[in-house]
Amino acid sequence: MKLSHRLQSISDLITKPYDHIWDCCCDHGHLGMQLLIEQKASNIHFVDIVPSLMTELEATLSQHFVDDNLGNQDSETAQQWYVHCMDMSQLPLAVHKGKHLVVIAGVGGELTQTLIEAVISNNPNISLDFLLCPVHQLFELREYLGKGDFSMIDEKLVEENRRFYEILHVTYQPSGNELAGTHLHQHKVSPVGNKIWLPNSEQEQHVIEKYKQRTLQHYQRISFGLEKQGKPNSVAHIIEHYQAV
């Protein structure tokens, strides 16, 4: 199975050991299957709210992802997969012990924020990591994360089919956690990003320049429209942030 550049980049950012990875809004489960193949965690959970998709996915997993096919015959170390047809806000994190990573990709930044808030609200005392790849509204999502009990682990900018995606790997520590204050201060989530603007090659530099130009043009169009309608310019501060990069 050839994974898209975006999904493979999401998988590549998972370098920490996890007991449970929750692939939410998983659609056809391509990312989760790759995580099984790469043995990224002991337990991979596929989560989506569409019954027909999950029935089809469970059949595919049952056919192709059994212990023999994964080359793992040790029952103590064998990977497990689970299919959950449910609203991801109801993730049963508390009944699964260990370190959790929740992956939310392919939806807007506003919905991503709503889903994060629901997961945290239902699991208020659990420290967990999120891997996020929203399709738009990045500034607003980053601003929310920067004001909350989140800190940045890693971030990456990718281009695929002339579209740009930011991938954010963040950790959430409940405010009562002793480690939260220090880590949050050292790795605060930036509203526009830090590492994504640092190229490792000429190709990455080209992607960064195109992304910055397109993002600025997007908010400048919004700014022009607001001014033309005589409305307050609610995006002026966003433009200033990106211009300062």
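Right above here is the structure, for reference.
One structure accompanies this document, and this report is about it. (Residues numbered from 1 in each chain as written. Predicted model: local features only at pLDDT ≥ 70, side-chain atom pairs only at ≥ 80, totals over all residues. Heavy atoms only, no water.)

1. Side note on helix α2 (residues 30–37)
Taken across its eight residues, α2 has six buried, putting it largely inside the fold. By the burial criterion, the buried members of α2 are L31, G32, M33, Q34, L35 and L36. Looking at the buried side of α2, the elements it contacts are α1 (5–12), β1 (18–24), β2 (41–48), α3 (51–64), β3 (80–85) and β4 (100–105). (Buried < 20%, exposed > 50% of the residue type's maximum accessible area, 1.4 Å probe, protein only. Helix = DSSP H or I, 4+ residues; strand = E, 2+ residues; numbered from the N terminus. Contact = heavy atoms within 4.5 Å.)

2. Quick word on the pairing of strand β5 (residues 128–133)
A large share of β5 lies buried, amounting to six of its six residues. Taking every second residue as pointing to the same face, both faces of β5 are buried, with L128, F130 and L132 on one and D129, L131 and C133 on the other. Sheet topology places β4 next to β5; five bridges connect them, and they run parallel. Looking at the pairing, I104 lines up with L132 of β5. (Pairing = 2+ DSSP bridges.)

3. Thoughts on the pattern of salt bridges
Here the structure, examined in full by the defined rule, presents seven salt bridges. Linking K99 and D129 is a salt bridge whose minimum nitrogen-to-oxygen distance equals 3.5 Å. One end of the pair, K99, is in the loop between β3 and β4; the other, D129, is in strand β5, with 30 residues separating them in the sequence. For D129, a relative accessible area of 0% puts it in the buried group. Several salt bridges converge on common partners, so that one network encompasses K16, K99 and D129. (Salt bridge = Lys/Arg side-chain N within 4 Å of Asp/Glu carboxyl O.)

4. Examining unusual backbone geometry
Its identity is not glycine, yet Q39 carries a phi of approximately 55 degrees, on the positive side. Positionally, Q39 belongs in the loop between α2 and β2. A relative accessible area of 49% places Q39 in the partly exposed class. With a phi angle near 55 degrees, N161 is a residue other than glycine that sits in the positive phi range. With respect to the helices and strands, N161 occurs in the loop between β6 (150–160) and β7 (163–172). The exposure class assigned to N161 is exposed, which follows from its relative accessible area of 71%.

5. Considerations on the packing of aromatic side chains
Tallied over the full model, the rule gives eight aromatic pairs. Look at W197 and Y211: their rings are 5.9 Å apart centre to centre, the planes differ by 25 degrees, and that puts the pair in the stacked class. Remark: Y211 occurs in helix α7 (residues 202–228) and W197 occurs in the loop between α6 (180–186) and α7; sequence separation between them is 14 residues. Judged by centre distance (6.1 Å) and plane angle (20 degrees), the ring pair of Y219 and Y242 falls under stacked. Taken as a pair, Y219 in helix α7 and Y242 in helix α8 (residues 236–243) lie far apart in primary sequence, 23 residues in all. In this structure Y219 comes out as buried when scored by relative accessible area, which is 8%. Put simply, the rings of F139, F164, W197, Y211, Y219 and Y242 touch in pairs and so form one group of aromatic residues. Over the ring of Y165 we find R6; its NZ or CZ atom is 5.2 Å from the centre of that ring. (Phe/Tyr/Trp six-rings, centres within 6.5 Å; stacked < 30°, edge-to-face > 60°. Lys NZ or Arg CZ within 6 Å of the ring centre and 35° of its normal.)

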